[in-house]
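# Coordinate analysis (summary)
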Amino acid sequence: MTETARDLRAPIPSTTPWPSPAATTYTLFCPPLDTSPLIARDFVATVLRALGLDTLVDAAALCTSELVTNACVHAKGGGSVLWLAVETWRVRVIVFDGDENPPVMRELTPGGWEEGGRGLYLVDALTEGHWGTAAALPNGGNLVHPDGKAVWFDLAAPG
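Let me begin by describing the structure that accompanies this report. (Residues numbered from 1 in each chain as written. Predicted model: local features only at pLDDT ≥ 70, side-chain atom pairs only at ≥ 80, totals over all residues. Heavy atoms only, no water.)

Examined against the element boundaries, A61 turns out to sit in helix α3 (residues 57-74). Residue A61 is classed as buried on the basis of its relative accessible area, which comes to 9%. Taking C-alpha positions, A61 is 9.9 Å from V93, a pair spaced 32 residues apart along the chain. (Helix = DSSP H or I, 4+ residues; strand = E, 2+ residues; numbered from the N terminus. Buried < 20%, exposed > 50% of the residue type's maximum accessible area, 1.4 Å probe, protein only.)

Our focus in this paragraph is the pairing of strand β2 (residues 80-86). With 6 of 7 residues buried, β2 is to be regarded as a mostly interior element. With 7 bridges joining them, strand β1 (residues 24-30) and β2 adopt antiparallel strand pairing. Bridge pairing links L28 to L82 in β2. Here β2 runs beside strand β3 (residues 90-97); their pairing, made up of 7 bridges, is antiparallel. (Pairing = 2+ DSSP bridges.)

Right, let's talk about the side chain of S80 for a bit. The residue S80 is located in strand β2 in this model. With residues up to four places along the chain from it excluded, the contact list for S80 reads L28, F29, C30, A71, V95, F96 and D97. (Contact = heavy atoms within 4.5 Å.)

Tallying each qualifying case throughout the model produces 0 aromatic pairs. Over the ring of W152 we find R92; its NZ or CZ atom is 4.1 Å from the centre of that ring. (Phe/Tyr/Trp six-rings, centres within 6.5 Å; stacked < 30°, edge-to-face > 60°. Lys NZ or Arg CZ within 6 Å of the ring centre and 35° of its normal.)

Turning our attention to the packing of α3 against helix α4 (residues 119-126). Direction vectors running N to C along α3 and α4 enclose 150°, while the axes themselves pass 9 Å from each other. The angle between the axes of α3 and α4 places the two elements in the roughly antiparallel class. By crossing handedness, the relation of α3 to α4 is classed as left-handed. On the side of α3, the interface is formed by A59, L62, C63, E66, L67 and N70, while α4 contributes G119, L120, L122, V123 and L126. Considering only residue class, the contact of α3 with α4 consists of 8 nonpolar, 2 polar and 1 charged. (Axes fitted to C-alpha atoms, helices over the stretch in contact; angles between N-to-C directions. Parallel < 35°, antiparallel > 145°, perpendicular 65-115°, else oblique. Left-handed = near helix turned anticlockwise from the far one by under 90°. Nonpolar A, V, L, I, M, F, W, Y, C, P; charged D, E, K, R; others polar.)

This part takes up the pattern of salt bridges. Following the criterion strictly, the structure yields 4 salt bridges and no others. Across the pair R90 and E87 runs a salt bridge, and its minimum N-O distance is 2.7 Å. We classify R90 as buried; its relative accessible area is 9%. A relative accessible area of 11% means that E87 is categorised as buried. Between D154 and R92 there is a salt bridge whose closest N-O contact spans 2.4 Å. With D154 in strand β5 (residues 142-156) and R92 in strand β3, this residue pair connects regions lying 62 residues apart in the sequence. Here the two residues D154 and R92 agree in accessibility, since each one is buried. Each member of the salt-bridge network shares a partner with another, and the members are E87, R90, R92 and D154. (Salt bridge = Lys/Arg side-chain N within 4 Å of Asp/Glu carboxyl O.)

This is the structure we're talking about:
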């Protein structure tokens, strides 16, 4: 994968991440612990397998792990909340944390992919660019937590 300056300057995609009212949603609280990314990954994989969406498990589990890891490492506070929303045409994973700072795709060094810094590139590649960020956490048109952000990704449902 070759990165260009254009890629690094491109804004992180952003649209409203909240699923439609018709979505079936599953929720998991992720405390700020080293085990949270693994638990979140297993949670998403288990739900998708139970729904017969096995073809999405690997990509969804890896992207989920990256977003929850970022929340645990970079967002200070009481953890994050993960929503898995399943609709007929897509699966959406949303991770909300109390940190208002948006994620940053770091410039990759010419020498390789050192520890850290490649997670959002993986999310971008696996979702074909269908991910983004949004501020605050809505609840029926009201802001429940006006501070913080949501980072989300979509995978197209098979068939």
